[in-house]
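These are the residues of each chain, in order.
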Amino acid sequence: MSTQSLYPVSPELAENSKINEDQYRKMYQESVVNPEGFWREHGQRISWFKPFTKIKKVSFDDHNLFINWFADGTLNATYNCVDRHLEARGDKTAIIWEGDDPSEQRTLTYRQLHIEVSKFANALRSQGVRKGDVVTIYMPMVPEAAIAMLSCARIGAVHSVIFGGFSPDSIASRINDGSSRVVITSDEAIRGGRTIPLKANIDLALQSPDVKTVEKVIVLNRTGGHIDFVEGRDVWWHELMAVSSEYCQAEEQNAEDPLFILYTSGSTGSPKGVLHTTGGYMVYASMTHEYVFDYREDEVYWCTADVGWITGHSYMVYGPLANGATVLMHEGVPNWPDISRMGEMIERHNVNILYTAPTLIRALMAQATEGYPNFDSSSLRIMGSVGEPINPEAWRWYYQEIGKEQCPIVDTWWQTETGGVLISPLPGATDLKPGSATRPFFGVQPALVDNMGNLIDGEGEGNLVILDSWPGQMRSVYGDHERFVLTYFKTFRGMYFTGDGARRDGDGYYWITGRVDDVINVSGHRLGTAEIESALVAHPDVAEAAVVGYPHDIKGQGIYAYVTLNADKEESEELRQALRQWVRSEIGALASPDLVQWAPGLPKTRSGKIMRRFLRKIAADEVSALGDASTLADPTVLDGLIDQRMNRG
Ligand code: WTA
């Protein structure tokens, strides 16, 4: 291997970090040989009301599936993120917030956070929210988003956060699935200088005749922009807070009581409500946050993810706050008004740990034609990447231009379903290879299998599975346990199937190759191609649609849609734009196709199944090696599609 492709652990980190190579090996070994003992010890990192005596009760058998961790313990997630820090860290900053407009700055100490959360938890109770209720949160990136989540957890309500980029239709189906009675939102969000009408989107969602459960909408005044206030249904956040008491006892939750639902896309059907429970999730989120980022007391930690995604849940709220960290939260985007924003923020807030996504790194890289603007990076120690494979070129750019060759990059592989990081370097233990997520975290047993489910030993490539449970694992699909079993445990029996492919090299390092199912990853956002197709065919002019991903310089993958129009409809540029707009309003801007190709016919087998591998190749402009087309009902459709392809190199 050339030296260029290996970045060894620095002597300083090997010496001073929480875990060095020897410790990693020892602890990893212990965690898989003696999981009971390992997790009995590490389960203590969380404060329990009633200590657990049971550790792990798990079966991955698809006929008899159960996953329980610390099941007889009781605790409260918010108590762990807030109350338990009051004594030693009451005046420590919990959240530093920077507005979209950098002149807006706020900080909240742990003591202030405690007051806000207690008051809002009481406010939720005053609106009829009870333990076990699902509360929908559709908020901008402001401290109140974290306060809303923690307040739900405080009273045992289950939050369901919806990313602010989703459309009213997407909101409606999520509210419905969770039968939410209360929705928390704000008048508007601000990102990159533009406002997003969150409250108006909620109003539209609630107009859907399908949504029958919502009784109250709590509205935060963020911008003061105009909203239609619905008397009797809508209530102002600040008016509730004005009359709320500062005392609210944290509800005693069982370890396996639900903490939250978060919807995510799969290869079929509508997005699934991924259900996470309390005890194991808190242990896992806090432990991974501490070790993966080598987090040290008094460090400033910045995660650029939105709270609407799992990264925002585990690594902006629950993990770091459980560890008593100071979290930097940014309302906007780190490349607005220009690319220097990110460096300025690192400098302004003395950021020690930065956690961001490859798509942002590639965007900065593309804009920084003369190198990244100079900034004082001396505070920065550790940098992370998440959400999609990071290409070595972007890795190196991040390492050189942002980290100034001083900071290891932890490329963290995980999923909404996994609750926390499963495969990642540890800064003081793992020599880095750009593009590899490297080795498993404690207690995680990844493996590769071929399409028949046979284990692949040593070096090789295959489907990535996990052989045994870890505490942060999702427990069910909300309201549809059968779907949970079917999606994750039936493809390869007795194993958790990730939906990703991976390669393992001679050093045992994992290289994630991307999804092997019909899920695409666009700017780190997970989308099911089937969802986008069903949005497209819902348009009156569309007869049929097939959607695939294609390589995109900034987004990682772009969305390529092949559309067959109804016979009496004319292809036109206007219609193309109208379809993109249509998907935007059906799902959200993130799902709008980058390229729409008219397809008079689609490559189908004789039984009518669309052969996507041809479509993927054409979309990727790899038309010289399409492969055997003899199983197609009409192989000639390929010629037309190739001729008209939109993405020529
Ligand atoms: C992909 C985000 C390569 C992967 C935390 C996974 C990655 C999906 C990485 C989950 C990484 C995430 N390297 N691929 N470091 N991290 N992925 O649920 O395909 O939004 O299955 O969770 O993102 O996306 P999700």
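Conventions we followed
- Residues numbered from 1 in each chain as written.
- Predicted model: local features only at pLDDT ≥ 70, side-chain atom pairs only at ≥ 80, totals over all residues.
- Heavy atoms only, no water.
- UniProt positions renumbered as here; feature names shortened; annotations may be inferred.
- Contact = heavy atoms within 4.5 Å.
- Helix = DSSP H or I, 4+ residues; strand = E, 2+ residues; numbered from the N terminus.
- Buried < 20%, exposed > 50% of the residue type's maximum accessible area, 1.4 Å probe, protein only.
- Salt bridge = Lys/Arg side-chain N within 4 Å of Asp/Glu carboxyl O.
- Polar contact = N/O pair within 3.5 Å; in protein donor to acceptor, adjacent residues only side chain to side chain.
- Phe/Tyr/Trp six-rings, centres within 6.5 Å; stacked < 30°, edge-to-face > 60°.

Moving on: the UniProt feature "binding site: CoA" (unreviewed entry) in the chain. Per the UniProt record, "binding site: CoA" (unreviewed entry) is found at Arg191, Gly192, Gly193, Arg194, Thr311, Asn335, Ser523 and Arg584. Taking the farthest pair of C-alpha atoms as the criterion, the annotated set spanning 394 residues is dispersed, since that pair is 23.8 Å apart. For Gly192, the residues in contact, after removing those within four places along its chain, are Asp100, Val333 and Trp336. Position of Ser523 among the secondary structure elements: in the loop between strand 27 (519-522) and strand 28 (525-528). On the accessibility criterion, Ser523 (22% relative accessible area) is partly exposed. In this view, Ser523 contacts Thr359, Glu388, Lys555 and Gln557; residues no more than four positions away in its chain are not counted.

What follows covers helix 13 (residues 340-349). The element helix 13 is extensively covered by neighbouring structure, given that seven of its ten residues are classed as buried. For helix 13, the complete set of buried residues consists of Ser340, Arg341, Met342, Gly343, Met345, Ile346 and His349. Asn350 sits one or two positions beyond helix 13 and adopts a positive phi of about 50 degrees.

In this section: the pattern of salt bridges. Tallying each qualifying case throughout the model produces 43 salt bridges. Here Arg222 makes a salt bridge to Glu104, at a shortest N to O gap of 3.0 Å. Linking Arg222 in the loop between strand 11 (216-220) and strand 12 (234-236) with Glu104 in the loop between strand 4 (93-98) and strand 5 (105-109), this pair joins segments that are 118 residues apart in sequence. A relative accessible area of 31% means that Glu104 is categorised as partly exposed. Asp505 serves as the salt-bridge partner of Lys433, at 2.7 Å between the closest nitrogen and oxygen. Taken as a pair, Lys433 in the loop between strand 20 (409-412) and strand 21 (446-449) and Asp505 in the loop between strand 25 (496-504) and strand 26 (510-515) lie far apart in primary sequence, 72 residues in all.

Here we come to the side chain of Arg341. Inspection of the secondary structure assignment puts Arg341 in helix 13. Among the polar contacts listed, one links the side chain of Arg341 to the side chain of Glu98, at a separation of 3.0 Å. At 3.2 Å, the side chain of Arg341 and the side chain of His330 are in polar contact.

Moving on to the packing of aromatic side chains. Per the counting criterion, the structure on display carries 41 aromatic pairs. Measuring from ring centre to ring centre gives 5.2 Å for Phe49 and Tyr79, while their planes differ by 70 degrees; the resulting arrangement is edge-to-face. Placement of Phe49 in the loop between helix 3 (35-42) and strand 1 (56-59) and of Tyr79 in helix 4 (residues 77-81) is noted, with a sequence separation of 30 residues between them. When the centroid spacing of 6.2 Å and the interplanar angle of 70 degrees are considered together, the rings of Phe293 and Tyr315 count as edge-to-face. You can see Phe293 sitting in the loop between helix 11 (279-292) and strand 16 (300-303) and its partner Tyr315 sitting in helix 12 (residues 310-322), a full 22 residues away along the chain. Tyr315 sits in the buried class, given a relative accessible area of 0%.

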